[in-house]
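Residue-level structural notes
This is what each chain is made of:
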Amino acid sequence: MKLETILPRALGESSSDCASIFTSLIMAAHFERTRARALGWRGVRPAASSHPAWTCRVAGSDHVFGIRFDDERVDDTPGRAPCLRGSFSLYVFPPTESPLLDLFPLEALRFALSPGYEGAVREFSGREPELLPFLSGGLRMDVSLAGDALALTLEAPARHRVLAADGIAAPDGWLVEPGGAECDVPAFSLFLRLFAVLAATAEERLGEKAALARGSRYVPRRLFHADGRMEDCPDEKEALLTLCASFGPSLAMEGENVHSLRTLPARHIPEELEKLDRPVLHVLTGFLGAGKTTFLRRWLDFLHGRERYTGVIQNEFGKVELDATLMKGDTLVEALDEGCVCCSLADSLRPGLERIISAMPAEQFVLETTGLANPDNIMEELNGLRDLVIPGLVITVADALDLCNPGKEEEGIRHAQLQKADVIILNKSDAVPAETLAMLTGRLRSQNGRALILPARYGNIPFAELDAWIDAHGGKRLPSHMPQLHRMGERAVTHTDEGYEAKTLTFDNPVSLTTLEALLHDAGPGLCRAKGIIPIEGEGVCIVQYAAGQLEITPAPEQNTLDLVLIGTGLKV
């Protein structure tokens, strides 16, 4: 690497060498408009001030980004080459009409709706204090004093939430309840395209492919009080993600949670999207109440414990996003809207995938479908999304209790899910006698002889065995990738064909356990599933789960309630 291609003078001649390098980096690319557009630039505006600053736009994003140089210092940490470390603040300014503004601090929303918003963004460098609510991340530039290495590092929270200790009152109640999040900004994903354009520009200017690495650490969430005090929240943390593009031998990120990447996430390559390395997308399915979410949480614990971070797209039948609520935490979850992804939400898959792929650099993702989804339809849909993902396995979670009645595995949606499965997780295997479990396993093998069948208790399986099987069968023609042939005029069955519907019930006051049990009983024999977070008399706010005739009530981790949704046929609600 030769730094003189960007800065044709020795380092140390000013107190803002990193700002000079940054200016040279982006402006040289911008002067050649054709090449600038190919790299992903859509406009750069420098501003002269005591602290150099720039506003810019990049391909694939509607937002204006603000980049402000803060300071630089010499880093002479023992064991590594001395370097200059420059710090830059990153701002993001969504358009006034963008729904993203609803996730920003209230002060940012107020300012964005004011008449002077666009002008203030254009004159970004003179309005930094006023625009602090839009500050969402940082950029670090490390440059070796020898001029043989340079590294750019993006650092931003996966989800930036600031908690309001005293809440924010409204005339008719709470705008933000005490302890609630005053903002919820997906900061890292917002800056990913900007960083990709910067890194690609540096690759071109330096004539060298960047060494890429991602990292993560946890920091306390911030808590603010009505009197203006800010402090760290002792009970909650947020994931701070980093992405580094380094050139030369010595300045790559170091640490336990740092891992190399093969490709630059969100890189802009016009008309060559099919050449990008794409993540694998596994499909997780299974009939209502089989235990998909429980299995997925166990699987993610296994994967993340081995630093194989995996994102999740969840789709639920009905308006209550209980599974997505329970999954939130260390895992990035993209919840699709009400409906079933195998039919009414097919158009939501592409934007949902684009959002989560840009928000989380990962080698694989999992699409957890509704319990009524037919994987045959989903795999057909994924064939049209091969520019984004490589279709992976279909993993079907089967309920041993539900399948105890002979012939259940031959019925409609259950049959389609089991027949298309590459892996069948026979959950709740501890709830049936050993001889019944052996009989169930035999029936499943006769229906799908190619699938790996693993018994599970509370969603737990020997995940190392699943890993080894996936590695051994990666290039083979599995059931999920074999075309499903139908007779003339036939099509894949859907939940609509079988008459399934969802009913939502709201409980403003605590309900007794007796009343709840009676409600479920009176819903009729067609009730397959019920779930929600509701107040129970004497128990507080509880998670309610009903499936295969079994009712389970457990304390909710938070006091936020979700309506109770009932799913089945011929519901009498």
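Residues numbered from 1 in each chain as written. Predicted model: local features only at pLDDT ≥ 70, side-chain atom pairs only at ≥ 80, totals over all residues. Heavy atoms only, no water.

1. Observations regarding the overall build of the protein chain
- The number of helices and strands found in the protein chain is 13 helices and 24 strands.
- Nonlocal contacts in the protein chain, meaning residues at least 24 apart in sequence, comprise 69% of its contacts between residues at least 6 apart.
- Of the accessible surface of the protein chain, which amounts to about 26,000 Å², a share of 50% is contributed by carbon and sulfur atoms. (Helix = DSSP H or I, 4+ residues; strand = E, 2+ residues; numbered from the N terminus. Contact = heavy atoms within 4.5 Å. Areas by Shrake-Rupley, 256 points an atom, 1.4 Å probe, with all protein chains shown as cover.)

2. Structural notes on the pairing of strand S10 (residues 211-224)
- Pairing of strand S7 (residues 162-164) with S10 involves three bridges; the strand directions are parallel. From the neighbouring strand, Leu 163 faces S10, where its bridge partner is Leu 223.
- Two elements, S10 and strand S11 (residues 230-247), share 13 bridges in a ladder whose sense is antiparallel. By the bridge assignment for S11, Leu 223 is matched with Glu 231.
- Hairpin connection from S10 to S11: five residues lie between these consecutive antiparallel strands, with Gly 228 at a positive phi of about 95°.
- The pairing of S10 with strand S12 (residues 258-261) spans four bridges and is classified as antiparallel. (Pairing = 2+ DSSP bridges.)

3. Examining the confidence of the model for the protein chain
- On average, residues of the protein chain score 81 in pLDDT, and 84% of them are at 70 or above.
- Within the model, the stretch residues 271-276 combines pLDDT values under 50 with two contacts to residues more than four positions away or in other chains.
- Contacts of residues 337-346 to residues separated by more than four positions or lying in other chains number 34 contacts, the stretch itself having pLDDT below 50. (pLDDT = per-residue confidence, 0-100.)

4. As for the sheet that holds strand S21 (residues 527-536)
- Pairing is antiparallel in the open sheet, where five strands are placed in the order S20-S24-S21-S22-S23. A single partner strand is all that each edge strand has here, and the edge strands are strand S20 (500-505) and strand S23 (550-555). The average undirected angle you get between the axes of adjacent strands in this sheet is 15°.
- When strand S22 (residues 540-547) meets S23, the two strands line up antiparallel, connected through six bridges. By the bridge assignment, Gln 545 is partnered in S23 with Glu 552. (Axes fitted to C-alpha atoms, helices over the stretch in contact; angles between N-to-C directions.)

5. Quick look at the pattern of salt bridges
- Applying the stated criterion across every chain yields a total of 17 salt bridges.
- For Glu 155, the salt bridge is made with Arg 217, and the minimal N-O distance between the two is 3.3 Å. Here Arg 217 lies in strand S10 and Glu 155 lies in strand S6 (residues 150-157), a separation of 62 residues in the sequence.
- Classification of Glu 155 by relative accessible area gives partly exposed; the value is 25%.
- By sharing partners, the salt bridges in this structure join Asp 75, Arg 85, Arg 140 and Asp 142 into a single network. (Salt bridge = Lys/Arg side-chain N within 4 Å of Asp/Glu carboxyl O. Buried < 20%, exposed > 50% of the residue type's maximum accessible area, 1.4 Å probe, protein only.)

6. Quick look at the nonpolar core
- If you look at the biggest cluster of nonpolar residues, it comprises 77 residues, and the most contacted ones within it are Trp 41 and Phe 134.
- In terms of residue count, helix H5 (residues 187-206) provides more of this core than any other element does, 14 residues in total. (Core = buried A, V, L, I, M, F, W, Y, C linked by side-chain atoms within 4.5 Å.)

7. Quick notes on unusual backbone geometry
- Phi at Ala 266 takes a positive value of approximately 65°, unusual for a residue other than glycine.
- Position of Ala 266 among the secondary structure elements: in the loop between S12 and strand S13 (280-285).

8. Thoughts on the environment of Asp 376
- As for its placement among the helices and strands, Asp 376 is situated in helix H9 (residues 375-382).
- What makes Asp 376 buried here is its relative accessible area of 12%.
- Engagement of the side chain of Asp 376 in a polar contact is seen with the side chain of Lys 420, the distance being 3.3 Å. (Polar contact = N/O pair within 3.5 Å; in protein donor to acceptor, adjacent residues only side chain to side chain.)

9. So, the packing of aromatic side chains
- For the structure shown, the criterion picks out 13 aromatic pairs.
- Ring centres of Phe 22 and Phe 88 lie 5.2 Å apart, and the angle between their planes is 35°; this geometry places the pair in the tilted category. Here Phe 22, found in helix H1 (residues 17-31), pairs with Phe 88, found in strand S4 (residues 83-93); they are 66 residues apart in sequence, far enough to count as distant.
- The interplanar angle of 25° and the centroid separation of 5.6 Å between the aromatic rings of Phe 302 and Phe 463 together place this pair among those described as stacked. In this pair, Phe 302 sits in helix H6 (residues 292-305) while Phe 463 sits in helix H12 (residues 463-472), placing the two residues 161 residues apart along the sequence.
- The exposure class of Phe 302 is buried, given its relative accessible area of 12%.
- Members of the aromatic cluster, connected to one another through ring pairs, are Tyr 91, Phe 93, Phe 104, Phe 111, Tyr 117 and Phe 134.
- Between Arg 414 and the ring centre of Phe 287, over which it is positioned, the NZ or CZ distance is 3.8 Å. (Phe/Tyr/Trp six-rings, centres within 6.5 Å; stacked < 30°, edge-to-face > 60°. Lys NZ or Arg CZ within 6 Å of the ring centre and 35° of its normal.)

10. Observations concerning the pairing of S11
- Note: S6 against S11, eight bridges, orientation antiparallel. Within S11, the residue paired with Pro 157 across the bridge is Leu 240.

11. Quick notes on the environment of His 51
- Assignment of secondary structure puts His 51 in the loop between strand S1 (41-47) and strand S2 (53-58).
- Excluding residues that lie within four positions of it along the chain, His 51 makes contacts with Arg 68, Phe 69 and Asp 70.

12. Topic: the environment of Gly 524
- Note on placement: Gly 524 falls in the loop between helix H13 (513-522) and S21.
- Along the sequence, Gly 524 and Val 573 sit 49 residues apart, while their C-alpha atoms lie 8.8 Å from each other.

13. What about helix H11 (residues 434-447)?
- In this model H11 runs 20 Å from its N-terminal to its C-terminal C-alpha over 14 residues, within 8% of the 20 Å that 1.5 Å per residue would give.
- Of all the positions in H11, only Thr 436, Leu 437, Leu 440, Thr 441, Arg 443, Leu 444 and Gln 447 are classed as buried. Projected onto a plane normal to the axis of H11, the buried residues spread over an arc of 160° and lie on a single side. Facing away from the buried side of H11 by more than 90 degrees, the exposed set consists of Ala 434, Glu 435, Ala 438 and Ser 446.
- On its buried face, H11 is in contact with helix H10 (412-419), strand S18 (423-427) and strand S19 (452-455). (Expected span 1.5 Å × (residues − 1). Arc of directions from axis to C-beta.)

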